[in-house]
Amino acid sequence: MTIKQIMVVGAGQMGAGIAQVCAYSGYEVILHDTKEKVVEDGIQTIRKRLKRDVEKDRLSDSDVDRILRRVYASSTISNAEHADLIIEAAVENLDVKKTIFSQLDSFAPEHAVLATNTSSLPITEIAAETSRAENVIGMHFMNPVPVMTLIEIIRGLQTDDSTFKTVKNVSESLGKTPVEVNDFPGFVSNRVLMPMINEAIFTVYEGVATPKDIDEVMKLGMNHPMGPLTLADFIGLDTCLYIMEVLHDGFGDDKYRPCPLLRQYVQAGWLGKKTGRGFYTYNS
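Residues numbered from 1 in each chain as written. Predicted model: local features only at pLDDT ≥ 70, side-chain atom pairs only at ≥ 80, totals over all residues. Heavy atoms only, no water.

## Notes on the sheet that holds strand β4 (residues 85-88)
Here comes step 1: On the basis of which strands lie adjacent, the open sheet formed by eight strands has the order β3-β2-β1-β4-β5-β6-β7-β8 and mixed pairing. The open sheet is flanked by β3 (71-74) and β8 (177-182), the only strands paired with a single partner. Adjacent strand axes in the sheet meet at a mean angle of 25 degrees, parallel and antiparallel pairs treated alike.
Here comes step 2: For strand β1 (residues 5-9) and strand β2 (residues 28-32), the ladder comprises five bridges, and the chain directions are parallel. Bridged to Gln5 within β2 is Glu28.
Here comes step 3: Its contacts with the sheet put helix α1 (residues 13-24) on β1, β2, β3, β4 and β6 (136-141), and the angle it makes with β2 is roughly 170 degrees. (Pairing = 2+ DSSP bridges. Helix = DSSP H or I, 4+ residues; strand = E, 2+ residues; numbered from the N terminus. Axes fitted to C-alpha atoms, helices over the stretch in contact; angles between N-to-C directions. Contact = heavy atoms within 4.5 Å.)

Following this line, the structure appears as structure tokens:
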């Protein structure tokens, strides 16, 4: 199937990044959110990122204008009727995603592929909310989207081969590297990453070392570009907790039990960089 127009549902950090790489690669993009202000902010985020590329001589001003002309703002879900591929990038909450996919199923054309950018939730269960489960797939971009090359492509139980092939081809056209993954909690990336972050939090909780020293061990000893607690703050501690709960519930194994300190930080509103405080303190 030929993909000409892509709709991105959710205009936050991830959604704006996905819209940017799609428009950059020549696709017409509908950037949708329920609030017009969020869409406007998303487009401004794209503009700022592209302007930085102009400053670094990677793009010209005319390139930026041409890319932005491919991005159309939307606050009406019925605009899905114009899309060949829809990528949902809303909040990481199963009930929210189920509602969105049920709505998309009502408006999207019959041939359209419905993809979710979920980082941990079951594709099979989300697909069951539609009448086209064979056209539903996971398309997990890494953050920041314009920089990171990996996309996990997750098959649900019902996903057919043509849907997978379409999404794989689109991913490659974006300059990304698609990796095929089956539908298990956390897929590959977060099934491996989040328990490491959770264990780092346990080492703080048990008084083994300070956050700074734990991060230094992982950077200098394991050659990680960023320590796990710094990374947790950047991801958002609420997101880390939610994914650990998905893993714990999905596998029923206590090795995925969220650290009590992680839960306590989230209850305190210390969510990381986005709130100014997590395992580190950030200037506003």
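## Description of the side chain of Ser120
Here comes step 1: Relative to the helices and strands, Ser120 resides in the loop between β5 (113-116) and α5 (123-127).
Here comes step 2: Look at Ser120 and you get buried, because its relative accessible area is 1%.
Here comes step 3: Within the local environment of Ser120, its side chain forms a polar contact with the side chain of Glu92, the two groups lying 3.0 Å apart.
Here comes step 4: When near neighbours in sequence (up to four residues on either side) are disregarded, Ser120 contacts Glu92, Pro185, Gly186, Phe187, Ile243 and Val246. (Buried < 20%, exposed > 50% of the residue type's maximum accessible area, 1.4 Å probe, protein only. Polar contact = N/O pair within 3.5 Å; in protein donor to acceptor, adjacent residues only side chain to side chain.)

## Some words on the environment of Ala19
Here comes step 1: Relative to the assigned elements, Ala19 resides in helix α1.
Here comes step 2: A relative accessible area of 0% places Ala19 in the buried class.
Here comes step 3: Excluding residues within four positions of it along the chain, Ala19 makes contact with Val8, Val29, Leu31 and Ile46.

## Observations concerning the pattern of salt bridges
Here comes step 1: In the structure shown here, the tally under the stated rule is 14 salt bridges.
Here comes step 2: Close ionic contact of Glu88 with Lys97 constitutes a salt bridge, the shortest N to O distance being 2.4 Å.
Here comes step 3: Put simply, Asp238 and Lys274 hold a salt bridge, and the shortest N to O gap is 2.9 Å. Of this pair, Asp238 sits in helix α10 (residues 237-251) while Lys274 sits in the segment after α11 (260-268), and the two are 36 residues apart along the sequence.
Here comes step 4: By relative accessible area, which is 26% here, Asp238 ends up partly exposed.
Here comes step 5: In this structure, a network of salt bridges that share partners links the residues Glu88, Glu92 and Lys97. (Salt bridge = Lys/Arg side-chain N within 4 Å of Asp/Glu carboxyl O.)

## A short note on the domain arrangement of the protein chain
Here comes step 1: Entries for the protein chain in the domain assignment read domain 1 (5-182) and domain 2 (190-273).
Here comes step 2: Computed over C-alpha atoms, the centres of domain 1 and domain 2 are 27 Å apart.
Here comes step 3: If you look at the interface, domain 1 gives seven residues, while domain 2 gives four residues.
Here comes step 4: Carbon and sulfur atoms make up 54% of the surface buried where domain 1 meets domain 2, a total of about 450 Å² over both sides.
Here comes step 5: Looking only at domain 1, the three residues that lose the most surface to domain 2 are Glu92, Ser119 and Ser120, adding up to 66% of its buried area.
Here comes step 6: Taken together, the links from domain 1 to domain 2 amount to zero salt bridges.
Here comes step 7: On the surface where domain 1 and domain 2 come into contact, there are two residue pairs in polar contact (both at pLDDT 80 or more). (Domains from an automatic or database assignment. Buried area = accessible area lost by both parts, 1.4 Å probe.)

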